[in-house]
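Each chain is listed here by its residues.
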Amino acid sequence: MATPATCKQAGPPRAQLRRALGLRGAVALGVGGTIGGGIFVLVGHTAALAGPAALLAFGLAFIASLLIALPYAELACRYPEAGGGYVFVREVLGRGWGFLMGWVFWGAYIFVSGYVTLGFGGYLASLTGLPATWSAVGLVLVCAAVNLAGVKLSGQLQVLVIGLALAGLLGFAVLGMPSVDADRFTPLMPNGFAGILSAALIAFLAFGGFDMVAAAGEEIEKPERNLPLAILLTLGIVLVVYLLVACAALGTLDWRELGASAAPLADAAQAFLGPVGARVVAMVAVLTTAATANAVLVATSRISFAMARDGLLPAALARVGPASGAPWVAVLVSAAMLALVALVGTLHISTAIGGFLYVLHFIPPLLVLLKLRRGGSPRPAFQMPWPKVLLPLAFVMALVLLVSSGAAGLAGGAAWLALGLLMGGARLASRRAGRQAL
């Protein structure tokens, strides 16, 4: 089994990122990368699929997320480097599997970014009338500028924005609870269990974000403590917020209206707070989806940076700004791809392809932890409990969610994988040709 030391390549020292994020900043990165798109954009989508049983879909998605987060937290503690799951797989299964893992991880967040940026554009359009698509592209440019200034500034802004967003969401839930009508929850399952299962994949995307903490592991202080704690705190905070807000939304607005709305929480707020309440919620949505987009850009740029540093992507992506300490080329390239998805993507395509790739990218790390546990590797500071029970359950949940992604997710995910295999094969052939020339 390879170790972090043996995986380092000979030659010039590898570029290193600065440890500038404390526990609060790491949790803000995870929560910011989770709550924005999920609760403001996808809550309506889950309602359309499952009706009032969207609450059950969120519960099922949380269980799946927790089962996967526990082994992920252990692996993050073992390998606190930029790239998250890519690093886990590269260290244990080798560079070939590492490339595929990183490619899937990168693609998942690139496609998932579509519902985040377009959700931002939709809510901003409800406030200002500005074109939603171009607002989404503008958001990507602003996030790129913030990231180029360095992760410390990005983390500080994340803390501020997420604090305001959480206050707004909890205010929505508290003010909405007195208006909840229990009759709106019957029938509970208008689309049956199949509807809940389909909605669970969307809800699982809504919990996506804890892995962003691991992707920025090289920039987190005291990683042996802060990484697993930040991952688990992210899930716990998000669960409480989701259940409160979704209950208030489903209890004050018919699930059909919620599912058809481009700004579901703003419409729900208008039902019990009037136009002023709807505008306030829309403003909170704009802030929160902006924070999510920023977290997505952090994750995508660090994944591509880590792969380039290991020679699996063009070396230019591993360049780090001397003043900011940020991987500036990776930030610009990832920002360009996020902007392209915002320009040509749709909510359906983003969730289908992004959902398939996002679930798929968790399977190799589960295999990694299984191999490490069987190999008797040294124990890290954090270990998941009951691995003989929880690891098999995590595999089962991941496979169920993969099946739920449907034909669009499978086709789009397969196309992204094929592109990655072509690129990986071309780089391997080029390296072999270079060695033969020498």
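Quick notes on the rules
Residues numbered from 1 in each chain as written. Predicted model: local features only at pLDDT ≥ 70, side-chain atom pairs only at ≥ 80, totals over all residues. Heavy atoms only, no water. UniProt positions renumbered as here; feature names shortened; annotations may be inferred. Helix = DSSP H or I, 4+ residues; strand = E, 2+ residues; numbered from the N terminus. Buried < 20%, exposed > 50% of the residue type's maximum accessible area, 1.4 Å probe, protein only. Contact = heavy atoms within 4.5 Å. Areas by Shrake-Rupley, 256 points an atom, 1.4 Å probe, with all protein chains shown as cover. Polar contact = N/O pair within 3.5 Å; in protein donor to acceptor, adjacent residues only side chain to side chain. Expected span 1.5 Å × (residues − 1). Bend = angle between axes of the 7 residues up to and from the residue. pLDDT = per-residue confidence, 0-100.

Under an unreviewed UniProt entry, the name given to the protein is Amino acid transporter, and the organism recorded is Bordetella petrii. If you open the UniProt record of the protein and go to Subcellular location (unreviewed entry), you find "Membrane".

Q: Residues and numbers for the overall build of the protein, please.
A: Across its full length, the protein holds 17 helices and zero strands. A buried classification covers 58% of the 438 residues belonging to the protein. Look at the contacts in the protein between residues 6 or more apart in sequence, and 84% of them connect residues 24 or more apart. About 16,600 Å² of surface is accessible on the protein, with carbon and sulfur atoms providing 70% of the total.

Q: Could you give an account of the side chain of Ser304, with specific residues and numbers?
A: Here Ser304 shows up in helix H12 (residues 264–309). Ser304 sits in the buried class, given a relative accessible area of 0%. Polar side-chain contacts of Ser304 include one of 3.1 Å to the backbone oxygen of Thr300. Sequence-distant contacts of Ser304, defined by excluding residues within four places in its chain, comprise Trp106, Leu313, Leu317, Ala330 and Ser334.

Q: Give me helix H8 (residues 192–207): which residues, what numbers.
A: Helix length check: H8, at 16 residues, gives a terminal C-alpha distance of 23 Å against a target of 22 Å (1.5 Å per residue), a fit within 8%. The principal kink in H8, of about 25°, is found at Ala200. Those residues of H8 not exposed but buried are Gly195, Ile196, Ala199, Ala200, Leu201, Ile202, Ala203, Phe204, Leu205, Ala206 and Phe207. Positioned one or two residues after H8, Gly209 has a phi angle of 155°, which is positive.

Q: Please provide a residue-by-residue account of the confidence of the model for the protein, values included.
A: Predicted coordinates in regions of low pLDDT should not be interpreted in detail. Across the protein, the average pLDDT comes to 82, with 87% of residues at or above 70. Looking at the elements of the protein, mean pLDDT is at its lowest for helix H1 (residues 4–7), recorded as 34, and at its highest for helix H13 (residues 328–344), recorded as 91. For residues 1–13, every residue scores under 50 in pLDDT, and the model assigns this stretch 14 contacts once sequence neighbours within four places are set aside.

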